[in-house]
Amino acid sequence: MPKPMNVLVTGGAGYIGSHTCKLLAGAGYIPVAFDNLSFGHEWAVKWGPFVSGDLSDVDFVRNTLREHEIGAVIHFAANAYVGESMENPRKYFRNNAANSLNLLEAMLDAEVKTLVFSSTCATYGIPETIPIPDDHPQRPANPYGETKLFVERAIHWYAGAYGLRWAAPRYFNASGADPDGEIGEDHDPETHLIPIIIEAALGKRPHIEIFGTDYGTPDGTAVRDYVHVTDLGDAHLGALNYLLEGGENLAFNLGTGQGHSVREVIGSVERVSGREVPRREGPRRPGDPPSLVADARRAEAVLGWHPRFPDLDVIVETAWRWHESQEKPE
Ligand code: UFG
């Protein structure tokens, strides 16, 4: 039996990182979660060692790669609030762009050449066509998307010069929770639609505010492609296997191809929870595109990836069960 490969997962204590660690362990890898716990949680690290550290410290990252005999890296660690990135771009260029360069530096020094980099549909900006194809032009409309695109471009050039091998999944709206209920989404502050609606249904918020009802969409509210976090994890695992088997460097979309409006998502939470969700209608949130839906053809064709949980009610149900389980008894 060959020794299992150790995979460094930056942001491994975070939402998508921790779900991916579970899948990596299930596939026989040892996930080494590297996290500064600014958003992650130590309780979410259950499937391998935890390394508390920050990507700003390139010596520490290099030592970690060597000490843990890392064979490949999956890089999630990043700030990911679009609105915040507009107000505080320096934070995003430092934490997402500069720190990713540190990671790449340490990887090259330690001769770790395989990278799955978590990218985003925010690199496309305002789409010209819906669904958005994998080869859509990338013109980010905010610093968050810009920093993710910067790293995509860096790894492209590093591949040619240093033999780095990479895959960059660009995901749409990560959502849901581990179907076994072991981990779930827990952000502070929470800005994402599904957990906010669930909190309103649970009475932890007075209401959900709908950001904009005058979009040119069927019901006037913004449309997004909600993709289950376990499906995202499956795709990262698939991309890692693909690279280790000698596949070509690859960027690709991850979404279900189904768009859902804010009102539809509220309806889904009401169906799943059996509760009424108090709501208010408010103005648009600056920077929000009307509609973002993926054409994930490349992930299907190259990785054989198909979402296991494409149905919105199923996604919401896994999230609902997780949030309910987190309720403290009175
Ligand atoms: N929304 C509301 N009310 C809320 C919160 C959200 O109406 O209280 C709406 C938003 O305006 C948007 C939709 O619900 O139309 C989804 O909003 P989220 O904040 O959940 O997600 P975003 O689509 O804004 O952001 C996601 C990821 C980002 C990524 C971005 C790409 O969270 O990391 O997609 O545009 F960059």
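Residues numbered from 1 in each chain as written. Predicted model: local features only at pLDDT ≥ 70, side-chain atom pairs only at ≥ 80, totals over all residues. Heavy atoms only, no water.

1. Some remarks on helix α4 (residues 89–109)
Note that an α-helix has 3.6 residues per turn; residues three or four places apart therefore point the same way. In this model α4 runs 29 Å from its N-terminal to its C-terminal C-alpha over 21 residues, within 8% of the 30 Å that 1.5 Å per residue would give. Bending of α4 peaks at approximately 25° at the position of Asn99. All of the buried residues along α4 are Tyr92, Asn96, Ala97, Asn99, Ser100, Leu103, Leu104, Ala106 and Met107. In the segment just after α4, Glu111 is the residue with positive phi, at about 60°. (Helix = DSSP H or I, 4+ residues; strand = E, 2+ residues; numbered from the N terminus. Expected span 1.5 Å × (residues − 1). Bend = angle between axes of the 7 residues up to and from the residue. Buried < 20%, exposed > 50% of the residue type's maximum accessible area, 1.4 Å probe, protein only.)

2. A few points about helix α10 (residues 312–325)
In this model, α10 (14 residues) spans 20 Å end to end at C-alpha, consistent with the 20 Å of a helix rising 1.5 Å per residue. Taken together, the buried positions of α10 are occupied by Leu312, Ile315, Val316, Thr318, Ala319, Trp320, Trp322 and His323. Close packing links the buried residues of α10 with β8 (173–175), α6 (193–201), β11 (226–228), β13 (260–261) and α8 (262–273). Of the residues flanking the start of α10, the one acting as N-cap is Asp311, its side-chain oxygen 3.1 Å from the backbone nitrogen of Asp313. (Contact = heavy atoms within 4.5 Å. Polar contact = N/O pair within 3.5 Å; in protein donor to acceptor, adjacent residues only side chain to side chain.)

3. Quick look at the site of the ligand
In the neighbourhood of the ligand, 22 residues make up the surrounding shell, with Tyr144, Glu209, Arg224, Arg285 and Asp288 lying closest. Within the backbone of Leu193, an N or O atom sits 2.8 Å from an oxygen atom of the ligand. Take Phe211: an N or O atom from its main chain is 2.9 Å from an oxygen atom of the ligand. With the chains in place, 91% of the 690 Å² that the ligand exposes on its own is no longer accessible. Elements that contribute at least two residues to the shell around the ligand include exactly α6 and β9 (208–211). In terms of residue count, the dominant contributor to the shell around the ligand is β9 (four residues). Taken together, the residues of the shell around the ligand break down into 14 nonpolar, four polar and four charged. Looking at which domains feed residues into the shell around the ligand, each of domain 1 (6–175 + 228–254) and domain 2 (193–224 + 257–325) gives three or more. (Near = heavy atom within 4 Å. Areas by Shrake-Rupley, 256 points an atom, 1.4 Å probe, with all protein chains shown as cover. Nonpolar A, V, L, I, M, F, W, Y, C, P; charged D, E, K, R; others polar. Domains from an automatic or database assignment.)

4. Observations regarding the domain arrangement of the protein chain
Partitioning the protein chain into domains gives domain 1 (6–175 + 228–254) and domain 2 (193–224 + 257–325). The straight-line distance from the C-alpha centre of domain 1 to that of domain 2 is 24 Å. Taken together, the 28 residues of domain 1 in the interface contact 23 residues of domain 2. When domain 1 packs against domain 2, close to 2,100 Å² is buried across both sides, 68% of that on carbon and sulfur atoms. Among the residues of domain 1 in contact with domain 2, Asp134, His228 and Asp231 are the three that bury the most area, contributing 24% of the side total. Across the domain 1-domain 2 interface, the total number found is one salt bridge. Its salt-bridge partner being Arg308, residue Asp234 comes within 2.8 Å of it at the nearest N-O pair. Our count for the domain 1 to domain 2 interface comes out at 10 residue pairs in polar contact (both at pLDDT 80 or more). Of all the secondary-structure elements, those providing two or more residues to the side of domain 1 that touches domain 2 are β8, α7 (229–244) and β12 (250–254). Counting residues per element, the side of domain 1 that touches domain 2 draws most heavily on α7, which supplies seven residues. (Buried area = accessible area lost by both parts, 1.4 Å probe. Salt bridge = Lys/Arg side-chain N within 4 Å of Asp/Glu carboxyl O.)

5. Comments concerning the pairing of strand β5 (residues 114–117)
Of the two faces of β5, the one holding Thr114 and Val116 and the one holding Leu115 and Phe117 are both buried throughout. Where strand β4 (residues 70–75) and β5 come together, three bridges link them in parallel fashion. Its bridge partner being in β5, His75 is matched across the sheet by Phe117. Relative to strand β7 (residues 165–171), β5 is paired through three bridges, and the arrangement is parallel. (Pairing = 2+ DSSP bridges.)

6. Things to note about the pattern of salt bridges
For the coordinates displayed, the defined rule picks out 19 salt bridges. In this structure, Lys22 and Asp178 form a salt bridge, with 3.1 Å as the shortest nitrogen-oxygen distance. Of this pair, Lys22 sits in helix α1 (residues 15–26) while Asp178 sits in the loop between β8 and α6, and the two are 156 residues apart along the sequence. Overall, the relative accessible area of 5% leaves Asp178 in the buried class. With a closest N to O distance of 3.1 Å, Arg285 and Asp288 form a salt bridge. The class of Arg285 is partly exposed, set by a relative accessible area of 37%. A single salt-bridge network, built from bridges that share partners, covers Lys22, Asp178, Asp180 and Glu182.

7. Quick notes on the side chain of Asn79
Residue placement: Asn79 occurs in the loop between β4 and α3 (82–87). One polar contact links Asn79 to Asn95, side chain to side chain, over a distance of 2.7 Å. Sequence-distant contacts of Asn79, that is, excluding residues within four places in its chain, are made with Phe39, Lys91, Tyr92, Asn95, Asn96 and Tyr144.

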